[in-house]
Amino acid sequence: MYSILKTQGVLPLVTQINIQTAEIVLKSAAATGIKIIEFAARADDAKEVFSQMIAFRNANNLNIKIAVGSILTVNDAEVYHQLGADCIICPHTDLEIGNYCFKNNIYWIPGAATLNEILHANKLGAEIVKLFPADKIGGPGYVKALKAPFPNLKLMPTGGVTLEESNLKSWFKSGVVCVGVGSNLFSKEMLAQLTYEESIAAFQHLIEAVEKTRN
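Model, not experiment: these values are computed from the prediction.

Enquirer: How should the sheet that holds strand E6 (residues 111-112) be read in this particular structure?
Expert: Backbone-to-backbone hydrogen bonds pair the strands of a sheet. The strands run either parallel or antiparallel. On the basis of which strands lie adjacent, the open sheet formed by 3 strands has the order E6-E7-E8 and parallel pairing. Strand pairing shows two members of the sheet lacking a second neighbour, E6 and strand E8 (155-157), which therefore form its edges. Where strand E7 (residues 129-131) and E8 come together, 3 bridges link them in parallel fashion. Within E8, the position partnered with lysine 130 by the bridge is methionine 156. Contacting E6, E7 and E8, helix H6 (residues 115-123) crosses the sheet at an angle of about 160 degrees to E7.

In structure tokens, the structure reads:
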């Protein structure tokens, strides 16, 4: 999973979508070469939509992994793992969730904000740590400061990452593994009436922006 995220450089995130929109997102993501996306389980019908996403992916042989984000409890981690999640992502670091993921061989990306929290997540076995909310706790300059004494930290900033060249370039220059992008990829309004063509264009723009600013 680490190599996929490092190569892709970005984890696109979608949330609160119906199955029709989810199918469009999955199909267009796979068509443009995206290998992993995050589905944030925040809506009441999230489990139902996610199970249908897994069924759609498998039925269409789409070469794409689906991470489930916004996991708050070990019970939710277990449910989504059993439904077919390829990765569990949390906004926080929870020992129970981490232990469950390692025991069941599912990739775990916990969230953290401070250096001690990041190092704690690493000690629990996390390879990549989600830096959240990245823009509110210091941005790219904060990452640089963290990596000065700990250059091997593998961080994925989420929150406030945009597709503007200057923004993306500053994140990659700070030494992050990849970035998480949600509403700046698909706004709530866009997702409400998303077409396949619009989704293809959004993913192509995302890929081009990442490649341009990372190199």
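Next comes the rest of the account.
Enquirer: In this structure, what is going on with the packing of aromatic side chains? I would like to understand it.
Expert: Overall, the coordinates contain 4 aromatic pairs when judged by the stated rule. Measuring from centroid to centroid gives 5.7 Å for phenylalanine 102 and tryptophan 108, while their planes differ by 85 degrees, and the two rings are edge-to-face. On the basis of relative accessibility, which here comes to 37%, the residue phenylalanine 102 falls in the partly exposed class. Here the aromatic rings of phenylalanine 186 and phenylalanine 203 are separated by 5.4 Å at their centres, their planes lie at 80 degrees, and the arrangement is edge-to-face. Pair noted here: phenylalanine 186 is in the loop between strand E9 (179-181) and helix H9 (188-192) and phenylalanine 203 is in helix H10 (residues 196-214), with a separation of 17 residues, a long-range link. Each member of the pair, phenylalanine 186 as well as phenylalanine 203, is classed as buried. In this structure an aromatic cluster arises from ring pairing among Phe39, Phe50 and Tyr80. Residue placement shows lysine 130 over the ring face of phenylalanine 132; its charged tip is 5.0 Å from the ring centre. In this arrangement the basic side chain of arginine 214 is found over the ring face of phenylalanine 172, its NZ or CZ atom lying 5.9 Å from the centre.

Enquirer: Just checking my understanding: could you explain the pairing of strand E1 (residues 10-15) for this structure?
Expert: Two faces make up the sheet, and in a regular strand the side chains alternate between them. Burial within E1 is extensive, with 6 of its 6 residues counted as buried. Going residue by residue along E1, you find Val10, Pro12 and Val14 tucked away on one face and Leu11, Leu13 and Thr15 tucked away on the opposite face as well. Sheet topology note: the E1/E9 ladder contains 3 bridges and is parallel. Within the sheet, the bridge partner assigned to valine 10 lies in E9 and is valine 179. Relative to strand E2 (residues 36-40), E1 runs parallel, the two sharing 3 bridges. What sits directly across from valine 14, in E2, is phenylalanine 39. In terms of handedness, the path from E1 via helix H2 (residues 19-31) over to E2 forms a crossover that is right-handed.

Enquirer: What am I meant to see in the side chain of glutamine 8 here?
Expert: Position of glutamine 8 relative to the elements: it lies in helix H1 (residues 2-8). Only 2.8 Å separates the side chain of glutamine 8 from the backbone oxygen of valine 10, close enough to count as a polar contact. In contact with glutamine 8, not counting residues within four places along its chain, are Ile34, Lys35, Ile36, Val210 and Arg214.

Quick notes on the rules
- Residues numbered from 1 in each chain as written.
- Predicted model: local features only at pLDDT ≥ 70, side-chain atom pairs only at ≥ 80, totals over all residues.
- Heavy atoms only, no water.
- Pairing = 2+ DSSP bridges.
- Helix = DSSP H or I, 4+ residues; strand = E, 2+ residues; numbered from the N terminus.
- Contact = heavy atoms within 4.5 Å.
- Axes fitted to C-alpha atoms, helices over the stretch in contact; angles between N-to-C directions.
- Phe/Tyr/Trp six-rings, centres within 6.5 Å; stacked < 30°, edge-to-face > 60°.
- Buried < 20%, exposed > 50% of the residue type's maximum accessible area, 1.4 Å probe, protein only.
- Lys NZ or Arg CZ within 6 Å of the ring centre and 35° of its normal.
- Right-handed = clockwise from strand over helix to strand, strands pointing away.
- Polar contact = N/O pair within 3.5 Å; in protein donor to acceptor, adjacent residues only side chain to side chain.

Remember that the coordinates give geometry; whether it matters functionally is a separate question.
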